[in-house]
Amino acid sequence: MEGLSMKSSRLLWGVIILLFGCLAACKKEKPQSPIPDSLSSLQELFHPAYQINADSIHQMIRICLNENPVTPWDSVLLAHYQEKDEFFWLNDSLISDKPAVQVADSMLFWLGNISQHGVNPNLYPVDSIREELQQIRTLKLREGKTMNRLLADVEYQLTAAYLSYVCQLKFGFLPPERRWNDSNDHIPLKQCDVKFAMAALDSLRANPNAAFHRAQPASPLYHKMQEELVRVNGWGVTDTTDYYRDRLLVNME
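Everything numeric here is computed off the predicted structure, so don't read it as measured data. (Residues numbered from 1 in each chain as written. Predicted model: local features only at pLDDT ≥ 70, side-chain atom pairs only at ≥ 80, totals over all residues. Heavy atoms only, no water.)

(A) Region of interest: the overall build of the protein chain. Per the secondary structure count, the protein chain includes 10 helices and zero strands. Along its sequence from the N terminus, the protein chain presents helices and strands in the succession α-α-α-α-α-α-α-α-α-α. For the protein chain, the computed accessible surface area is about 14,800 Å², with 54% contributed by carbon and sulfur atoms. (Helix = DSSP H or I, 4+ residues; strand = E, 2+ residues; numbered from the N terminus. Areas by Shrake-Rupley, 256 points an atom, 1.4 Å probe, with all protein chains shown as cover.)

(B) The arrangement of the packing of aromatic side chains in detail. Considering all chains together, one arrives at five aromatic pairs under this definition. Seen from their ring centres, Phe109 and Trp110 are 5.3 Å apart, and the 75° between their planes marks the pair as edge-to-face. A relative accessible area of 46% places Phe109 in the partly exposed class. According to the relative accessible area criterion, Trp110 is buried, its value standing at 13%. Through successive ring pairs, a cluster of aromatic residues spans Trp89, Tyr162 and Phe212. (Phe/Tyr/Trp six-rings, centres within 6.5 Å; stacked < 30°, edge-to-face > 60°. Buried < 20%, exposed > 50% of the residue type's maximum accessible area, 1.4 Å probe, protein only.)

(C) Here's a closer look at the confidence of the model for the protein chain. With 74% of its residues at a pLDDT of at least 70, the protein chain reaches an overall mean of 78. Looking at the elements of the protein chain, mean pLDDT is at its lowest for helix H1 (residues 2-25), recorded as 48, and at its highest for helix H7 (residues 194-206), recorded as 95. Between residues 24-38, whose pLDDT stays under 50, and residues either more than four places distant or in other chains, the model counts 20 contacts. Note that pLDDT drops below 50 for residues 40-45; the model gives that stretch four contacts with residues more than four away or on any other chain. (pLDDT = per-residue confidence, 0-100. Contact = heavy atoms within 4.5 Å.)

(D) The packing of helix H5 (residues 126-138) against helix H6 (residues 147-171), seen in detail. Direction vectors running N to C along H5 and H6 enclose 145°, while the axes themselves pass 10 Å from each other. Crossing of H5 against H6: the hand is left-handed. Side by side, H5 and H6 meet where Ile129, Glu132, Leu133, Gln135 and Ile136 of the first sit next to Met147, Leu150, Leu151, Asp153, Val154, Gln157 and Leu158 of the second. Across the contact of H5 with H6, the residue classes tally to eight nonpolar, two polar and two charged. (Axes fitted to C-alpha atoms, helices over the stretch in contact; angles between N-to-C directions. Left-handed = near helix turned anticlockwise from the far one by under 90°. Nonpolar A, V, L, I, M, F, W, Y, C, P; charged D, E, K, R; others polar.)

(E) Broad picture of the side chain of Ser164. By the secondary structure assignment, Ser164 is in helix H6. In contact with Ser164, other than residues within four places in its own chain, are Trp73 and Tyr124.

(F) Just the environment of Trp73, in detail. Residue placement: Trp73 occurs in helix H3 (residues 72-83). The buried category is assigned to Trp73, whose relative accessible area is 15%. Dropping the residues within four chain positions of it, Trp73 is found in contact with Leu163, Ser164, Cys167, Gln168, Cys192 and Ala197.

(G) Inspection of the side chain of His80 at higher detail. Here His80 is to be found in helix H3. Polar contacts involving the side chain of His80 include one to the main-chain carbonyl oxygen of Glu86, which spans 3.2 Å. Look past the residues within four positions of His80 in its chain and what remains in contact with it is Glu86, Phe88, Leu201 and Arg205. (Polar contact = N/O pair within 3.5 Å; in protein donor to acceptor, adjacent residues only side chain to side chain.)

(H) Region of the structure containing a nonpolar patch on the surface. A cluster of nonpolar side chains, contributed by Trp235, Tyr243 and Tyr244, occupies part of the molecular surface with about 340 Å² of accessible area. Relative to the assigned elements, Tyr243 resides in helix H10 (residues 239-252). (Patch = residues over 30% accessible without salt bridge, like charges linked within 9 Å, V, L, I, M, F, W, Y side chains within 5 Å. Salt bridge = Lys/Arg side-chain N within 4 Å of Asp/Glu carboxyl O.)

(I) Focus on the nonpolar core. Trp89, Met107, Tyr162 and Tyr165 are the most contacted members of the largest nonpolar core, which totals 57 residues. Among the elements that line this core, the one with the most residues is H6, at 15 residues. If we skip the residues at most four places from it in the chain, Trp89 touches Leu94, Val103, Ala104, Met107, Glu155, Leu158, Thr159, Tyr162, Leu204 and Phe212. Grouped together as the second largest cluster of nonpolar side chains are six residues, Tyr222, Leu229, Val232 and Met252 included. (Core = buried A, V, L, I, M, F, W, Y, C linked by side-chain atoms within 4.5 Å.)

In structure tokens form, the structure reads like this:
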């Protein structure tokens, strides 16, 4: 019985890998069905919750979109998923056992370490995305979940988080109107625009891991402030700690 279960699991994963290949092919050509004709006879072997359909995934993503974007990266996210049938994360790397090609996990690594930039580590739903990835990879769907729903959530949330992360790491996490110096003068700074956000999406498309690394601040002064932040955080919770940390964070911002 156990051998049969393992065999069924391997068969199911084999089909799902093929389906990921078909999803990737949607970038160039939109097929009538993401399931090849040669495998259509296997459909009835699977519970409906495990069936993957590219059109359903796109529809679910579009429902999540904010049609009144507030930021440039929101605008780019909206335009991409409204106008294109391209997935950034739904390919064989999603279920690979090779860390070097697990781009979703790499993205979660950077998001999970956002505190090194002085940003609240709960800003991005890292644990939630990781839990959904676990369901996809183990084929153990929670009650009420479908593979289409999980794939749509992972695709949308990772792309949204990536754009937010890259754009704000470059231009700051605080809104421009909240940036002031000690004399209460407004600090004029460059702001993110749609052009930059679109370029960030192009970088993700070309080479995800390179895009993640390129997004990291390269200034030696910034790195020095990061080291100082680690030192100050080690002081514990005191008024002095808060004072120095706040000043550090303002300068890092």
